[in-house]
Amino acid sequence: QVQLVESGGGLVQAGGSLRLSCAASGRTFSSYTMGWFRQAPGKERDVVARISSWSGGSTYYADSVKGRFTISRDNARNMVYLQMNSLKPDDTAVYYCAAGSGGGYYINTAEYRYWGQGTQVTVSS
């Protein structure tokens, strides 16, 4: 069982920045692939970014955020981060942290077993 808690959301103006944090419980954090997803009203929950369990491993970014968002993890502190720069109104959504294990590419919600409660990000124009 893994407990995930997101923080760092809020209201920002277009062009601004936010850093989301995800705190994970347990001693096995380093073995999990971690992802950030977002869901806007009337839309599906879609992947924003994910990072593999090994240090310096592979990362994935949705085309809509590539070059603006950066995912990182600190296994020693059981933390995952999402640095969001050059924010746009279309980035407005609830952002979720997720953890998964086992084989897979980890860009779909079904590949993740544990989810946080989400944190609201609102970007005004």
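Residues numbered from 1 in each chain as written. Predicted model: local features only at pLDDT ≥ 70, side-chain atom pairs only at ≥ 80, totals over all residues. Heavy atoms only, no water.

### Some details on the pattern of salt bridges
- For the coordinates displayed, the defined rule picks out four salt bridges.
- One salt bridge in this structure joins R38 and D91, with 2.9 Å as the shortest N-O distance. You can see R38 sitting in strand β4 (residues 33-39) and its partner D91 sitting in the loop between β8 (79-84) and β9 (93-100), a full 53 residues away along the chain.
- According to the relative accessible area criterion, R38 is buried, its value standing at 15%.
- Since its relative accessible area comes to 2%, D91 is described here as buried.
- Taking the shortest distance from any N to any O, the salt bridge between D91 and R68 comes out at 2.8 Å. Linking D91 in the loop between β8 and β9 with R68 in the loop between β6 (59-61) and β7 (69-74), this pair joins segments that are 23 residues apart in sequence. The exposure classification of D91 matches that of R68, with both residues buried. (Salt bridge = Lys/Arg side-chain N within 4 Å of Asp/Glu carboxyl O. Helix = DSSP H or I, 4+ residues; strand = E, 2+ residues; numbered from the N terminus. Buried < 20%, exposed > 50% of the residue type's maximum accessible area, 1.4 Å probe, protein only.)

### Considering the side chain of R50
- Mapped onto the elements of the fold, R50 is located in strand β5 (residues 46-51).
- As a buried residue without a salt bridge, R50 has its nearest oppositely charged side chain in E111, at a separation of 7.6 Å.
- A polar side-chain atom of R50 sits 3.3 Å from the main-chain carbonyl oxygen of S58.
- Within the structure, R50 has its side chain in polar contact with the backbone oxygen of Y105 (distance 3.0 Å).
- Apart from the residues within four sequence positions on either side, R50 is in contact with T33, M34, G35, S58, T59, Y60, I71, Y105, Y106 and Y112. (Lys, Arg positive; Asp, Glu negative; His and termini not counted. Polar contact = N/O pair within 3.5 Å; in protein donor to acceptor, adjacent residues only side chain to side chain. Contact = heavy atoms within 4.5 Å.)

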